[in-house]
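If you want the building blocks of each chain, they are given just below.
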Amino acid sequence: MNDVLQMIYDNNTGSERETLVRAYHYAEEAHSGQKRASGEAYFIHPCAVAKILMELGLDCATVAAAFLHDVIEDTPVTEEDIRREFGDEILRLVSGVTKLDKIVFKSREEEEAENFRKIFVAMAKDIRVIIIKLADRLHNMRSLNFLSKERQLKMAQETLDIYTPLAGRLGISQIKCELEDLCLKYLDPEAYEFLVENIHQKLYERHNFVDFVVKEIKNILDESKIEGEVFGRPKHFYSIYKKMKTQNKTLDQIYDLTAVRVIVGTVDECYEVFGKIHKRWKPIPGRIKDYIATPKANMYQSLHTTVVTNFGQPFEIQIRTFEMHRTAEFGIAAHWKYKEKRTEDTSFTERLSWIREVLDWEGGLKDSKDFMQSLKTELYSNELLVFTPKGKVISLPKDATPIDFAYAIHSEIGNRCVGARVNSKIVPLNSTLQTGDVVEIITSSNSKGPSWDWLKIVKSSSARAKIKQFFKREMKDENVKIGRSMLEAEAKHRGYNLSDILTEESFAKVSEKFSFFSQDEMFASVGYGAITVNQVLFKLIDFYKKEIPKKPVYHGDAADSSGVIVKGMSGLLTRFAGCCNPVPGDKIVGFVSRGRGVVIHRADCPNIKNLEAEEGRILPAEWAETQGGGHFVAGIIIKAKDQGVALSVLTGVVSDMRLMITAVNSRFDKNKDAVIEANIRLNGKEDIDLLIRKLLADDRIGEVYRTVAK
């Protein structure tokens, strides 16, 4: 604690020194009497976090917030107290880091997801929030040995899943590497101890080799009259461990345990040294990477090459400028640490763009599991670098498609995309892109927008979110109708009326989970696929069963309730079979099920053929003459060469006939022909016959037939 106070006096003057000293003593008093799991005074923790941030070069407000980051959560101090003493800026940083402990969540997973949502929102407003959080996690990991084994494993796994890739995306390699090594220490202690012991055993031998390489490269610099620095950097344990796991190698088979770094003054000197090193030693094909011309998403720049000495020993060399080196070590923190040495930090805004993308797609994810999974996917996605025809570099996740590329350029480009050229050749939209590809998107002003199938194709979370946003925005009214119809149909299939189970009280329960503002928003979310029918329906049915006295849905004379007369029986619970979807005009029979009343099937339904041996359970049935005005659902299958054309023809005919599509699914068969399965709400058999005739009248449609069980 005294060391931290001395750092404040040594590195700050005037009002900034006064603010930091005041924050130090304020936090010290607030945490007075509190102890850590180690038995030490709790105030050691905020001091350690502040020290890490001062070493990174963060500004006064960030360091002050580090001293105060736990006072709202763990002491009687309020947000108003912080505002009054230290102002809005420091309060904003402290609040951004504070956990949501005062809110009751349904599960631990949901709590963690909501905490990360809050962190990302705060990050978008002020990136310093996550830097404080990373320093906080680093010190907690340094003192993890005082916690129980269970908490050690949980915190180490969470750190490896979320915090280390976050540090990587922000380019703060110092924190990233130390966090990874600390995680390995607890998640695989045997491997960690093995690496510590065996790497240290070969330390002398490795130092001699590195000294030889450094001396040779310094000679190259001297001969070229280039001023620079050359030094060896031992690779951290986790990177060696990961290489052993992924490449299935033993430690003896991994030679590049140390990388050699060359730091020079200019980009031209980087390439000059690069060429002369390749002249001196033979490079290994496939191990040359130019991150100067194509920087990583976190703006990391460097030339990487792995070469082999004359006696067969491979080693890695990294070449960069002093400016690039500062960025590589401190990442986004270099914006503050070296601010006075720059006229303008043009990369700062670019570094933050991915955070805003996370917030864009986060808005479309109602479920905490979806959010956490998407976040991990976004953080861990291997980088794929492709080019626009004008040479602009676009960073995409591994296995990305032209659709991902289109949405990375702009939402409207993605929405109007109808084709793509890769390296001047037309390719399918589901093609996998490779690093170095030149991609050109073909658009059309007549495009009706993205296809639902694209959601199964795209690899980036941002593209997926933009596609969902299109359906949510452009098709709101239609989505409300589709969502309502889907819920009504599924509720009826389960023996309920949607109007009975969807009440103000039950909707309030569903809204607690998914944060809907209105029933229309809920219907629309189901309609455009943000949530499934069953996610909503199970909640409604569960509430209905618990809160409302159970009563039969269909009772009394069968003809009055369903429009069907089951001969020789009355007062039955009846429902329509989902396998063949009978409609008025179809020949029908009834099947006496166990505990579910009489199920009405089409007479030609294959399931009935299989059940005819069940003596006494097949009953004759017919449509009541008075039935009318009721809605029925029939299933159809359409086959065509072009999926988009088939969907367009289907929606056009259904719209002209004033019918409604209640569900639709599209796929490709083994011949790569489109197969569209759709459920259509109609009033009678004549509707389905007319619909099929109209669809077949279009020569672009191959086959159309009613759905039956197979």
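In this text the structure is predicted, and so the values were computed from the model without any measurement.

Undergrad: Before we move on, could you go through the overall build of the protein and cite the residues and values that matter?
TA: Helix and strand content of the protein: 32 helices and 20 strands. Of all intrachain contacts in the protein linking residues separated by at least 6 positions in sequence, the fraction that spans at least 24 positions is 65%. For the protein, the computed accessible surface area is about 35300 Å², with 49% contributed by carbon and sulfur atoms.

Undergrad: Which residues make up the packing of aromatic side chains, and what values do they have?
TA: This structure, assessed with the given rule, holds seven aromatic pairs. With centroids separated by 5.2 Å and ring planes inclined at 85 degrees, the aromatic side chains of Trp 281 and Phe 315 adopt a geometry described as edge-to-face. Taken together, the residues span a long stretch of sequence, with Trp 281 in the loop between helix 15 (267-280) and strand 3 (282-283) and Phe 315 in strand 6 (residues 314-321) at a distance of 34 residues. Geometrically, the ring pair formed by Tyr 291 and Tyr 300 is edge-to-face, given 5.9 Å between the ring centres and 70 degrees between the ring planes. Taken together through their ring pairs, the aromatic side chains of Tyr 24, Phe 43 and Phe 67 make up a single cluster.

Undergrad: Before we move on, could you go through the sheet that holds strand 11 (residues 439-443) and cite the residues and values that matter?
TA: Hydrogen bonding along the main chain pairs the strands of a sheet, whether they run parallel or antiparallel. Read across the open sheet, the three strands follow the order 10-9-11; overall the sheet is antiparallel. Edge positions in the sheet fall to strand 10 (425-427) and strand 11, since each of these pairs with one other strand and no more. This sheet shows a mean twist of 35 degrees between the axes of neighbouring strands, independent of strand direction. Bridge analysis of strand 9 (residues 417-422) against strand 11 gives five bridges, and the strand direction is antiparallel. In the sheet register, Arg 421 faces strand 11, and the bridge partner there is Glu 440. Of the strands in this sheet, strand 9, strand 10 and strand 11 touch helix 20 (residues 402-409), which is tilted by about 80 degrees from strand 11.

Undergrad: Residues and numbers for the pairing of strand 9, please.
TA: In terms of strand pairing, strand 9 meets strand 10 through three bridges, oriented antiparallel. Bridge pairing in strand 10 places Arg 421 opposite Ile 426. Here strand 9 folds back onto strand 10, and the loop between the two strands holds two residues, one of which, Asn 423, carries a positive phi near 55 degrees.

Undergrad: Could you give me a rundown of the pattern of salt bridges, with the residues and numbers involved?
TA: Counted by the stated rule, this structure contains 21 salt bridges. Glu 89 is the partner of Arg 128 in a salt bridge, and the nearest nitrogen-oxygen pair spans 2.9 Å. On the criterion of sequence distance, the pair formed by Arg 128 in helix 9 (residues 128-142) and Glu 89 in helix 7 (residues 88-97) is long-range, its members being 39 residues apart. Taking the relative accessible area as the measure of exposure, Arg 128 reaches 7% and is therefore buried. The class of Glu 89 is partly exposed, set by a relative accessible area of 35%. Here Arg 700 and Asp 698 are joined by a salt bridge, their closest N and O atoms 3.1 Å apart. By relative accessible area, Arg 700 is classed as partly exposed at 47%. One salt-bridge network, in which partners are shared between bridges, spans Glu 18, Arg 22 and Glu 85.

Undergrad: Talk me through the side chain of Asn 415; I want residue IDs and the actual numbers.
TA: Structurally, the position occupied by Asn 415 is in helix 21 (residues 411-415). If near-sequence neighbours (up to four positions away) are discounted, Asn 415 is found in contact with Tyr 407, Ser 447, Gly 449, Pro 450, Phe 470 and Arg 473.

Undergrad: Would you mind going over helix 4 (residues 60-68) in detail, with residue names and values included?
TA: Extensive coverage of helix 4 is indicated by the burial of nine of its nine residues. Of the positions making up helix 4, those classed as buried are Cys 60, Ala 61, Thr 62, Val 63, Ala 64, Ala 65, Ala 66, Phe 67 and Leu 68.

Undergrad: Before we move on, could you go through the side chain of Thr 305 and cite the residues and values that matter?
TA: Residue position: Thr 305 is located in strand 5 (residues 303-308). A polar contact is formed between the side chain of Thr 305 and the side chain of His 278, at a distance of 2.8 Å. With residues up to four places along the chain from it excluded, the contact list for Thr 305 reads Phe 274, His 278, Pro 283, Arg 287, Ile 288, Phe 315, Glu 316 and Ile 317.

Undergrad: Can you tell me about the environment of Val 422, naming the residues and giving the values?
TA: With respect to the element layout, Val 422 can be found in strand 9. With 20 residues separating them in the primary sequence, Val 422 and Pro 402 have C-alpha atoms 8.3 Å apart. Ignoring anything within four residues of it in the chain, the contact list for Val 422 reads Val 427, Leu 433, Asp 437, Val 438 and Val 439.

Undergrad: For the confidence of the model for the protein, give the residues involved together with the corresponding values.
TA: In this model, the protein carries a mean pLDDT of 78, and residues with pLDDT of at least 70 account for 79%. Segment residues 100-106 is flagged for pLDDT under 50; beyond a separation of four residues in sequence, or across chains, it makes twelve contacts in the model. For the stretch residues 361-366, pLDDT sits under 50, and the model shows 19 contacts to residues farther than four places along the chain or on other chains.

Parameters and conventions
Residues numbered from 1 in each chain as written. Predicted model: local features only at pLDDT ≥ 70, side-chain atom pairs only at ≥ 80, totals over all residues. Heavy atoms only, no water. Helix = DSSP H or I, 4+ residues; strand = E, 2+ residues; numbered from the N terminus. Contact = heavy atoms within 4.5 Å. Areas by Shrake-Rupley, 256 points an atom, 1.4 Å probe, with all protein chains shown as cover. Phe/Tyr/Trp six-rings, centres within 6.5 Å; stacked < 30°, edge-to-face > 60°. Pairing = 2+ DSSP bridges. Axes fitted to C-alpha atoms, helices over the stretch in contact; angles between N-to-C directions. Salt bridge = Lys/Arg side-chain N within 4 Å of Asp/Glu carboxyl O. Buried < 20%, exposed > 50% of the residue type's maximum accessible area, 1.4 Å probe, protein only. Polar contact = N/O pair within 3.5 Å; in protein donor to acceptor, adjacent residues only side chain to side chain. pLDDT = per-residue confidence, 0-100.

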